[in-house]
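# Descriptive analysis of the structure
In case you want the letters, here they are:
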Amino acid sequence: MRVIDKRNFALHGNVDPIREQIEVVYFDGRRPLFNTPGNHVERFFEHLEAIHRPEEVASDYEAVHAFLWEITECLKPRMQAFFKQVIGDAYPGFEVHKKRATRILPDHVMMGMLPSMLYDNDLDVKW
């Protein structure tokens, strides 16, 4: 239940804004300006690593894995294969129109940047 509660809190926005903040963000028109320059996708992942204890993450993974394995053992072979495909996906989801489980996001993170646009690490902002 602890793993499910943590997932629900994160999904529904029940977060600790002090513990989980990355930094203060200021806006200049529509463009966000950060105190420290750099790739903020990478900084986000580094921050997630910093606020979670590795032992707890491993324990959560093992608990969820054991639970999913128990579910798998209760299924018929045909459904087992489908279930393993869904739980093996990094970002599983449900396609409403086709009424089936499917993939939501790719396994990689991509970031596109336009060469002519100034980004936060290109701006000389003084606070």
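The helix and strand tally for the protein chain stands at four helices and four strands. Going residue by residue from the N terminus, the α and β elements of the protein chain occur as α-β-β-α-α-α-β-β. When burial is assessed residue by residue, the protein chain has 11% of its 127 residues classed as buried. In the protein chain, 39% of the contacts between residues at least 6 apart in sequence involve partners at least 24 apart. Accessible surface computed for the protein chain: about 10,900 Å², of which carbon and sulfur atoms make up 61%.

One way to put it is that helix 3 (residues 54-73) packs onto helix 4 (residues 77-87) with a least axis distance of 9 Å and a crossing angle of 160°. Taken together, the axis directions place helix 3 and helix 4 in an arrangement best described as roughly antiparallel. Handedness of the helix 3/helix 4 crossing: right-handed. Residues Leu68, Trp69, Ile71, Thr72 and Glu73 of helix 3 touch helix 4, and the partners they reach there are Gln80, Phe83, Lys84 and Ile87. A per-class count over the contact of helix 3 with helix 4 returns five nonpolar, two polar and two charged.

What follows covers the pattern of salt bridges. Applying the stated criterion to the full structure yields three salt bridges. Close ionic contact of glutamate 55 with arginine 53 constitutes a salt bridge, the shortest N to O distance being 3.7 Å. Of the two residues examined, glutamate 55 and arginine 53, each falls in the exposed class. Taken together, the salt bridges that share partners define one network made up of Arg53, Glu55 and Glu56.

Mapped onto the secondary structure, glutamine 80 falls in helix 4. The contacts of glutamine 80, once residues within four sequence positions are left out, are Thr72, Glu73 and Leu75.

Parameters and conventions
- Residues numbered from 1 in each chain as written.
- Predicted model: local features only at pLDDT ≥ 70, side-chain atom pairs only at ≥ 80, totals over all residues.
- Heavy atoms only, no water.
- Helix = DSSP H or I, 4+ residues; strand = E, 2+ residues; numbered from the N terminus.
- Buried < 20%, exposed > 50% of the residue type's maximum accessible area, 1.4 Å probe, protein only.
- Contact = heavy atoms within 4.5 Å.
- Areas by Shrake-Rupley, 256 points an atom, 1.4 Å probe, with all protein chains shown as cover.
- Axes fitted to C-alpha atoms, helices over the stretch in contact; angles between N-to-C directions.
- Parallel < 35°, antiparallel > 145°, perpendicular 65-115°, else oblique.
- Left-handed = near helix turned anticlockwise from the far one by under 90°.
- Nonpolar A, V, L, I, M, F, W, Y, C, P; charged D, E, K, R; others polar.
- Salt bridge = Lys/Arg side-chain N within 4 Å of Asp/Glu carboxyl O.

What is shown is where atoms sit, not what they do.
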